[in-house]
Amino acid sequence: MILMNRTLILSLLFSLGCSSNSETATTEQERIEETATQAVSNQLPTESYEEILYELGAFPVSKLTKSYMNDGNPGEVYSLGRRVDVNGWLPPEAVRSNEYLTESEKKRYGIPRPPLSYERYVALMDVETYQQSKDPLLFAVIKLTLDEFSDRRMKIRNPADFVKIYHARIGLDSELLWLFKRENVSGEVFARMYQQHQDPLVFHYLPPLKTGQEEYRMFLVQQLVNPQIRVADRFQVYTQLYQADQQKHLQDYQAFLIDNVDQPDDWFYRWRMNEALLEIGTPEAIQVVNQSLLNDPVAEVRECILHQLKEQGQIDEFIDTILLLSNGKGQPCTGVMPNRRFLSAGGNEITYDLSEYLKWAQEQNYLKRETKHKVKIAFQALASKKPEPVSTDFGDRFEVNDLPQKN
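Residues numbered from 1 in each chain as written. Predicted model: local features only at pLDDT ≥ 70, side-chain atom pairs only at ≥ 80, totals over all residues. Heavy atoms only, no water.

Below, the discussion takes up the overall build of the protein. A count of helical and extended segments in the protein gives 21 helices and six strands. The contacts in the protein between residues at least 6 apart in sequence include a share of 67% that link residues at least 24 apart. Of the accessible surface of the protein, which amounts to about 22,400 Å², a share of 49% is contributed by carbon and sulfur atoms. (Helix = DSSP H or I, 4+ residues; strand = E, 2+ residues; numbered from the N terminus. Contact = heavy atoms within 4.5 Å. Areas by Shrake-Rupley, 256 points an atom, 1.4 Å probe, with all protein chains shown as cover.)

Okay, structure coming up:
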């Protein structure tokens, strides 16, 4: 880590003849130590962070010669609506691609760079110094180091080497939690992170509960009655307990889902809860999913249910609801995702997915005669609306950057 050099501070204090024999001398010593500390800090210029970024394999946007999308923001790089660079530096993974540098430029700059050692990656994530300096290039170093560690599929030897990033609260919480979940870091680590910061984001990344993890199990059980957490968070907790012991938690899990499936404001969780009910598959669960398919206000929830029905090969239990939807019944719904691919004039927000589901259903040879007849009627009812696909602009509304002047 890039830390203050205590030896240099002490030598400066000695050379200046500081004394600790009096209160005045002590005050003077503190002043000189502060000055010496600043002197050491000043010996860490921005260029040193640039050297580290090059070492990681990052590359400055200012030196790019190939055109790139900047979404109207000079000096920034965008792809599919998301910013790619970090404070003016392309991540090593992007640099290794063929999108931003020519082959001759890669050769000239020694790209791709070899991976660093585990110890080096850990040393570069100097969150303590960043908390004091707020240097944007040091932030780039920390984030791109974390990203590169993940992209290189490095294994975490000790979670304590990384958990400091989460405790520092510098805006990399999601990246760190995702890495921990991917690396199967113990649930106890997640429990302690939540207990320290009360951050609901932890629930989104909870790892599976494994045999023998009594501390983690008790933490999950406690959250079931925690009045401070949202329904969506409690759903994540219930899911881990249910998956660890389905027989023990089935009744309570199903009751929770049935009572709360329409409660989360975030449509993603409503979809996941409906998915869980489909997997449980009891008549009570199926009835609730039918209601969601008919009444959820977000088109994406209904579309996800339709896709899940195809995955599970389910038609009989849902054909009556499908028939109602094909005839324009049920509550209206609206899509919320940008650049929705399939809108239909004369239909509704889920007309395309409904039509695709019915086309698939007609091809199944295991249908009951009554179900097959209803599928045919539903398809005809949907076709009578003559939905016409409306072309949508899927691309990003970007502006190409002005190329930098070549020296």
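On we go.
It is worth spelling out the packing of aromatic side chains at this point. Aromatic ring pairs are described here by two measures, namely the spacing of the ring centres and the angle between the planes. For the structure shown, the criterion picks out 17 aromatic pairs. Summarising the aromatic geometry, the rings of Y242 and Y253 are spaced 4.5 Å apart at their centres and angled 25 degrees between planes, so their arrangement reads as stacked. Taken together, the residues Y242 in helix α14 (residues 231–244) and Y253 in helix α15 (residues 246–260) connect sequence positions 11 residues apart. Judged by its relative accessible area of 11%, Y242 is buried. When the ring of F268 is compared with that of Y269, the centres are 5.3 Å apart and the planes differ by 80 degrees; the resulting orientation is edge-to-face. Take Y269: its relative accessible area is 8%, and that puts it in the buried class. Connected via pairs of aromatic rings, a cluster forms that spans Y118, Y121, F149 and F162. Here R169 stacks its cationic end above the ring of Y166, 4.6 Å away from the centre of that ring. (Phe/Tyr/Trp six-rings, centres within 6.5 Å; stacked < 30°, edge-to-face > 60°. Buried < 20%, exposed > 50% of the residue type's maximum accessible area, 1.4 Å probe, protein only. Lys NZ or Arg CZ within 6 Å of the ring centre and 35° of its normal.)

So, about the environment of L306. On the secondary structure map, L306 appears in helix α18 (residues 299–312). On the basis of relative accessible area, L306 is assigned to the buried category, the value being 2%. The spatial distance from the C-alpha of L306 to the C-alpha of I322 is 9.4 Å, given a sequence separation of 16 residues. In contact with L306, other than residues within four places in its own chain, are L293, I322, D353, L354 and Y357.

Looking now at the nonpolar core. Of all hydrophobic cores here, the largest spans 54 residues; its most connected members are L53, F162, F180 and F190. If one sorts the elements of this core by residue count, helix α8 (residues 136–151) sits on top with nine residues. Filtering out sequence-adjacent residues up to four positions away, F162 remains in contact with Y118, V122, M125, L146, F149, I156, L176, L179 and F180. (Core = buried A, V, L, I, M, F, W, Y, C linked by side-chain atoms within 4.5 Å.)

Right, let's talk about the packing of helix α16 (residues 267–280) against α18 for a bit. Across the interface, α16 lies against α18 with an axial gap of 9 Å and an inter-helix angle of 25 degrees. Classified by the interaxial angle, the pair formed by α16 and α18 is roughly parallel. For the pair α16 and α18, the crossing hand works out as right-handed. Within the contact between the two elements, α16 uses W267, R270, W271, N274, E275, L278 and E279 and α18 uses E300, V301, C304, I305, Q308, L309 and Q312. Of the residues belonging to the contact of α16 with α18, the class tally is seven nonpolar, three polar and four charged. (Axes fitted to C-alpha atoms, helices over the stretch in contact; angles between N-to-C directions. Parallel < 35°, antiparallel > 145°, perpendicular 65-115°, else oblique. Left-handed = near helix turned anticlockwise from the far one by under 90°. Nonpolar A, V, L, I, M, F, W, Y, C, P; charged D, E, K, R; others polar.)

Next up on the list: unusual backbone geometry. Here I111 and P112 are connected by a cis peptide whose omega angle stands at 10 degrees. Relative to the elements of secondary structure, P112 occurs in the loop between α5 (103–109) and α6 (118–124). The phi dihedral of D71 is positive, around 55 degrees, even though this residue is not glycine. Within the fold, D71 resides in the loop between β1 (59–60) and β2 (78–79). What makes D71 partly exposed here is its relative accessible area of 32%. Positive phi, close to 55 degrees, is recorded for N184, a residue that is not glycine.

Overall, the predicted model of the protein reaches an average pLDDT of 85, with 81% of residues at or above 70. Summarising per-element confidence for the protein, the mean pLDDT is lowest in helix α1 (residues 6–15) (40) and highest in strand β4 (residues 89–90) (98). Confidence drops under a pLDDT of 50 for residues 342–347, and excluding neighbours within four residues, the segment shows 17 contacts in the predicted structure. (pLDDT = per-residue confidence, 0-100.)

Our next topic: the pattern of salt bridges. Applying the stated criterion to the full structure yields 20 salt bridges. A salt bridge links E183 to R182, with the nearest nitrogen and oxygen atoms 2.9 Å apart. Given the relative accessible area of 16%, E183 is considered buried. Residue class for R182 comes out buried when judged on its relative accessible area of 19%. Across the salt bridge formed by K359 and E356, the nearest N and O atoms sit 3.4 Å from each other. On the criterion of helical spacing, the pair formed by K359 and E356 is a turn pair, its members being three residues apart in helix α20 (residues 351–362). Owing to a relative accessible area of 27%, E356 belongs among the partly exposed residues under this scheme. One network of salt bridges, in which partners are shared, links E76, R83 and D85. (Salt bridge = Lys/Arg side-chain N within 4 Å of Asp/Glu carboxyl O.)

Time to look at the packing of α14 against α16. In contact at an axis separation of 10 Å, α14 and α16 are set at 30 degrees when each is read in the N-to-C sense. Classified by the angle their axes make, α14 and α16 are roughly parallel. Read as a crossing pair, α14 and α16 show a hand that is left-handed. Between α14 and α16, the contacting residues are V231, A232, F235, Q236 and Y242 on the first element and Y269, R272, M273, A276 and I280 on the second. Class assignment of the residues belonging to the contact of α14 with α16 gives a composition of eight nonpolar, one polar and one charged.

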